[in-house]
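# Observations on the model geometry
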Amino acid sequence: YSNTVSEDSLEQLAKKTIYKIILSKDKDDFPYVNIATKNKIENNLTSTFYKNESREKAKAHLKAIFEGASNLFIYDKYCNNNSKSIESFAEECFPKKKLNIFYPSLKGSFDQDLCGALKQICSNWKIQENKDQKINNQYKDLHDRYIIIDNQIQIIFTSGIDYLMSECKDFTYIVRTLI
């Protein structure tokens with residue numbers, strides 16, 4: 001018996017696991033996932049809610065994540081179409097304190113009515129178009145919806161923020177670190 005396992009046998013063992021990966025400190029070609037550096041295959045926090053399933057736990061979780069935030073960047077190209085859901089989400093989950101809320105210069109994103117409605121919820125919120133072109137370009141023409149918290153945490157809403165606020169369809173969100 002040897003204490004070392006050959007790479008071939010490690011790769012064969014990986015095929016028998018649920019995730020089909022091998023954690024490594026120096027390799028990053030599949031099936032290896034380099035744990036010492038940023039990798040495309042990541043360990044993130046995910047939660048899925050099916051149709052007619054309460055979203056209260058998701059809302060409580062997101063509210064806790066937002067509590068310490070100073071800046072939120074919201075990318076949702078359907079905000080204006082779902083403005084009532086966005087308003088309800090902000091009222092229920094965003095902290096009622098000084099908070100900068102940024103949105104991309106994007107048709108359908110935030111119009112003046114939505115900005116005004118959000119300011120009615122909390123006068124300490126500053127709602128403004130994002131001027132950082134690097135971020136605007138990164139979050140351009142994407143399918144999913146995103147909220148970036150203080151450039152450190154990214155929340156991905158796979159079916160839109162409106163399905164967090166409604167139980168009529170399924171809803172999944174993913175929390176990942178950016179640092």
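Predicted model, so just to flag it, every value in this text is computed and none were measured.

## As for the overall build of the protein
Helix and strand counts for the protein come out as five helices and nine strands. Reading the protein from its N end, one meets helices and strands in the order α-β-β-β-α-β-α-β-α-β-α-β-β-β. In terms of overall size, the protein is more extended than a compact globule, its C-alpha atoms giving a radius of gyration of 20 Å where 179 residues would be expected to give roughly 16 Å. Summarising its shape, the C-alpha atoms of the protein cover approximately 70 × 40 × 30 Å along the three principal directions.

## Some details on helix α4 (residues 112-121)
Those residues of α4 that sit buried are Leu114, Cys115, Ala117 and Leu118. Buried positions in α4, seen along its axis, are confined to an arc of 165° and lie on one side of it. Looking at α4, the residues exposed on the side facing more than 90 degrees away from the buried face are Gln112, Asp113 and Gln120. Against α3 (83-93), β5 (99-103) and β6 (125-129) lie the buried residues of α4. With a side-chain oxygen lying 3.2 Å from the backbone nitrogen of Asp113, the N-terminal cap of α4 falls on Asp111.

## Description of the environment of Ile35
Structurally, Ile35 can be placed in the loop between β2 (32-34) and β3 (45-49). On the accessibility criterion, Ile35 (53% relative accessible area) is exposed. Distance from Ile35 to Ser24, taken between C-alpha atoms, is 5.9 Å for residues 11 residues apart in sequence. When neighbours within four sequence positions are excluded, Ile35 is seen to be in contact with Leu23, Ser24 and Lys25.

## Focus: the nonpolar core
Phe66, Phe89, Phe94 and Phe157 are the most contacted members of the largest nonpolar core, which totals 34 residues. With nine residues, the next largest nonpolar core counts Tyr75, Ile148, Ile156 and Ile174 among its residues.

## Here we look at the sheet that holds strand β9 (residues 171-177)
Reading across the sheet, the seven strands line up as β3-β9-β8-β7-β4-β5-β6 and stay open at both edges, with mixed pairing between neighbours. Every other strand in the sheet has two partners, leaving β3 and β6 as the edge strands with one partner each. Shown here is a sheet whose adjacent strand axes are inclined to one another by a mean of 15°, direction ignored. Two strands pair when backbone bridges link them, and strand β4 (residues 71-75) and strand β7 (residues 145-149) are joined in this way by four bridges, in the antiparallel orientation. Looking at the pairing, Leu72 lines up with Ile149 of β7. On the sheet, α4 packs against β5 and β6 and is oriented at approximately 165° with respect to β6.

## Points about the pairing of β7
The buried count for β7 comes to five of five residues, which makes it a mostly enclosed element. Here β7 shows a buried face lined by Arg145, Ile147 and Ile149 and a second buried face lined by Tyr146 and Ile148. Pairing of β7 with strand β8 (residues 153-157), which is carried by five bridges, proceeds in the antiparallel orientation. Across the sheet, residue Ile148 finds its bridge partner in β8, namely Gln154.

## Topic: α3
For α3, the complete set of buried residues consists of Ser83, Ser85, Ile86, Glu87, Phe89, Ala90 and Cys93. Buried residues along α3 sit in contact with α2 (56-66), α4, β6, β7 and β8.

## Some points on the state of the cysteines
Under the definition given, this model contains zero disulfides. Considering cysteine sulfurs only, Cys115 is the nearest to Cys79, which forms no disulfide, with 9.4 Å between them. Residue Cys79 is classed as buried on the basis of its relative accessible area of 0%. For Cys122, which is in no disulfide, the shortest distance to another cysteine sulfur is to Cys93 and amounts to 14 Å.

What counts and what doesn't
Residues numbered from 1 in each chain as written. Predicted model: local features only at pLDDT ≥ 70, side-chain atom pairs only at ≥ 80, totals over all residues. Heavy atoms only, no water. Helix = DSSP H or I, 4+ residues; strand = E, 2+ residues; numbered from the N terminus. Rg over C-alpha atoms; globule rule 2.2 N^0.38 Å. Buried < 20%, exposed > 50% of the residue type's maximum accessible area, 1.4 Å probe, protein only. Arc of directions from axis to C-beta. Contact = heavy atoms within 4.5 Å. Polar contact = N/O pair within 3.5 Å; in protein donor to acceptor, adjacent residues only side chain to side chain. Core = buried A, V, L, I, M, F, W, Y, C linked by side-chain atoms within 4.5 Å. Pairing = 2+ DSSP bridges. Axes fitted to C-alpha atoms, helices over the stretch in contact; angles between N-to-C directions. Disulfide = S-S within 2.5 Å.

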